[in-house]
Amino acid sequence: LVDTNGAIAFDIDSGLIAYHKNGAWYKFSDNTDISAGVITGLMFSVKTDNVGTSSDTSFTLPLVTGQTYNFVVEWGDGSQDTITSDTPVTHDYTSAGTYDIIITGDCPGIIFNNGGDKEKLVEVTDMSDLSYGSDATGAFLGCNKVLFESGLTPPDTSATTIFRWFFKDCDLMV
């Protein structure tokens, strides 16, 4: 969800229509504040049996060496981990499939740089809670199977001065 005054969201499953005003989300039908139930963060989907460096039942999250991380990752299979290290994190699933991952907290960048599990990333729906330092070279380079949804909240790039190949070879941008 885009946290901007005037933004509107529609939940297909429930039929809920909501609007954003002054830092909160409200139901259109009765103006009830529903902010507590709204999930934002870095949200994306992976297909574990696409080509990558991890196994057909795994996904490796490519973290940036030297950055300070403190986030919770919900892996889409009912499990979650708190990440405080800059070491790439591999999660093993019980079976191959497509999983929706949500990251909330301080995540100062993920960099695929045309390697790792770049082809396992298949959709990005929200990039809030993702930020980059001065150099974001190759962030999504080579992620040629990923669909970036239109209207997604972008990452915080206010400190970024180098964007070289940030979305290079991301052929499915909408």
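Residues numbered from 1 in each chain as written. Predicted model: local features only at pLDDT ≥ 70, side-chain atom pairs only at ≥ 80, totals over all residues. Heavy atoms only, no water.

Q: What is the right way to look at the pairing of strand 9 (residues 98–106) in this model?
A: Looking down a regular strand, the side chains alternate between one sheet face and the other. Two strands pair when backbone bridges link them, and strand 4 (residues 42–47) and strand 9 are joined in this way by six bridges, in the antiparallel orientation. For phenylalanine 44, the partnering residue across the bridge sits in strand 9 and is isoleucine 101. Where strand 6 (residues 70–74) and strand 9 come together, five bridges link them in antiparallel fashion. Looking at strand 9, one finds that phenylalanine 71 is bridged to glycine 105. (Pairing = 2+ DSSP bridges. Helix = DSSP H or I, 4+ residues; strand = E, 2+ residues; numbered from the N terminus.)

Q: Looking at this structure, how should I read the sheet that holds strand 11 (residues 147–148)?
A: Pairing between the strands of a sheet is mediated by backbone hydrogen bonds and can be parallel or antiparallel. Reading across from one edge, 7-6-9-4-10-11 is the order of the six strands in this open sheet, with mixed pairing throughout. At either margin of the open sheet sits one strand with a lone partner, and together these are strand 7 (80–83) and strand 11. The sheet contact formed by strand 10 (residues 121–127) and strand 11 spans two bridges and is parallel. Directly across from valine 124, in strand 11, lies its bridge partner phenylalanine 148.

Q: Could you clarify how one ought to interpret the pairing of strand 4 in this entry?
A: When you tally the buried positions in strand 4, you get five out of six residues, the bulk of the element. The pairing of strand 4 with strand 10 spans five bridges and is antiparallel. Bridge assignment links serine 45 to a residue of strand 10, and that residue is glutamate 123. (Buried < 20%, exposed > 50% of the residue type's maximum accessible area, 1.4 Å probe, protein only.)

Take it as geometry only, folks, not as evidence of what the structure does.
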